[in-house]
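Observations on chain architecture
Next come the chains, spelled out residue by residue.
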Amino acid sequence: MASENSSDSQEERAALLETGSERDELQQCDTVATRSGSRLTLYHWTQSFNSQKVRLAIAEKGLRCDEYDVSLPLSEHNEPWFMRLNPTGEVPVLVHDDNVICDPTQIMDYLEQNFNNEGTPKLIPEEGSTYYLRVQHYRELLDSLQMDAYTHGCILHPEITVDSHIPAYAATCIRTQIGNTQTELKKLAEQNPELKDAYVAKQRRLKSKLFDHDNMKYLKKLLDELDSVMDQVETELQRRVEETPEEGSQSWLCGDFFSMADVSLAVTLHRLKFLGLSRRYWGNGNRVNLETYYERVVERPAFRRVLGHVNNILISAVLPVAFRVARKNAPVIFGTTLLIGVLGGATYLAFLYMKKRLTLTF
């Protein structure tokens, strides 16, 4: 989605981005810039599946990027400044020069088309080649999965999961949060008449989503369809094994190169592991190629940098929110430093507990 899809002028967008920057300090990616004078800004949320795909693609390509966390728990994606940036109120959003792109697939295509200098890894082969068709096929196949339905469904119905990283209280929390969000969206629509249509549309989508994702019959149908997709992926990975029989040689989903299809597959498998669905789809002699693939992909430097600690909800989601709230609202009498210190200490103890729990589990 390009910038012209929004009614705001370019001047308004520039002012908006400046305002957004003032809300929090932008984090620099650890990667190297490939185009001098170009500035990439990504608005994302750590736990967002689509954000994870885009961030992994950026890391694999080795691009420098300013990252801004749009906190879903704090409903920052519903605030007027962000709704003006993306009227659907969803992350991720990429801003580059005068371009604003809001669809994750379009973002990754944009990155590939505009950052292709020598030395920059290519994640999509030359158009028209056999490899290109293969990569695009698996991108479309994997991107067609209803990952938000899997995520919400597993939170609302933990009985279908095994060794999930989702805390037991999440089901109650998400129902309460969705109810509060609907009230919040209605209020925001009244307070921002110029964004009323966007808020009303989002409210309708949210209501429909909760109805579908809480439907066990619908969820089981999606999980069965996912079985078919994983079968196709397993078969394709077996072809790679047969093409590269030499000991020590490695290949990825579509060939001897890491592609956008691998970005989609890696983040999909990571999410299934997070949800407690991995045992259903690989392991214990089931889909051995998929199991081996996941063991290899989690060791990639880009994967470890982007997703290495995301399974720990406390560290990756709760802690950033706590620090942001502390910075905004810490009582003067105690001081922000003291409050953050207490939060940090409590978080460290929780981290040790989570680490012990994960060690026992795996």
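The notes below deal with the structure included here.

As a further point, take unusual backbone geometry. Cis geometry marks the peptide bond from Val91 to Pro92; its omega dihedral reads 5 degrees. Structurally, Pro92 can be placed in the loop between α3 (80–85) and β4 (93–96). We note that Asn284 has phi near 55 degrees; this positive angle belongs to a residue other than glycine.

A packed helix pair is summarised by two numbers, namely the angle formed by the two axes and the spacing between the axes. Following both chains from N to C, one finds helix α6 (residues 147–156) and helix α8 (residues 196–213) inclined at 60 degrees, their axes separated by 9 Å at the closest point. For the element pair α6 and α8, the recorded crossing hand is right-handed. In this structure, α6 uses Asp148, Ala149, His152, Gly153 and Leu156 to contact α8, whose residues at the interface are Lys209, Leu210 and His213. Of the residues belonging to the contact of α6 with α8, the class tally is three nonpolar, three polar and two charged.

Another aspect to go through is α6. Among the 10 residues in α6, eight count as buried, and that is most of the element. Of the residues making up α6, those classed as buried are Met147, Ala149, Tyr150, Thr151, Gly153, Cys154, Ile155 and Leu156. Of the surrounding elements, those touching the buried residues of α6 are α2 (49–61), α7 (170–191), α8, α9 (216–243) and α10 (260–275).

Quick look at the pairing of strand β3 (residues 66–69) now. Residues Asp66 and Tyr68 point to one face of β3 and Glu67 and Asp69 to the other, with burial holding for every one of them. Strand direction decides the pairing type here: strand β2 (residues 40–44) and β3, joined by four bridges, are parallel. Bridging across to β3, Thr41 finds its partner in Asp66. A crossover links β2 with its parallel partner β3, the connecting element being α2, and its sense is right-handed.

What counts as what
Residues numbered from 1 in each chain as written. Predicted model: local features only at pLDDT ≥ 70, side-chain atom pairs only at ≥ 80, totals over all residues. Heavy atoms only, no water. Helix = DSSP H or I, 4+ residues; strand = E, 2+ residues; numbered from the N terminus. Axes fitted to C-alpha atoms, helices over the stretch in contact; angles between N-to-C directions. Left-handed = near helix turned anticlockwise from the far one by under 90°. Contact = heavy atoms within 4.5 Å. Nonpolar A, V, L, I, M, F, W, Y, C, P; charged D, E, K, R; others polar. Buried < 20%, exposed > 50% of the residue type's maximum accessible area, 1.4 Å probe, protein only. Pairing = 2+ DSSP bridges. Right-handed = clockwise from strand over helix to strand, strands pointing away.

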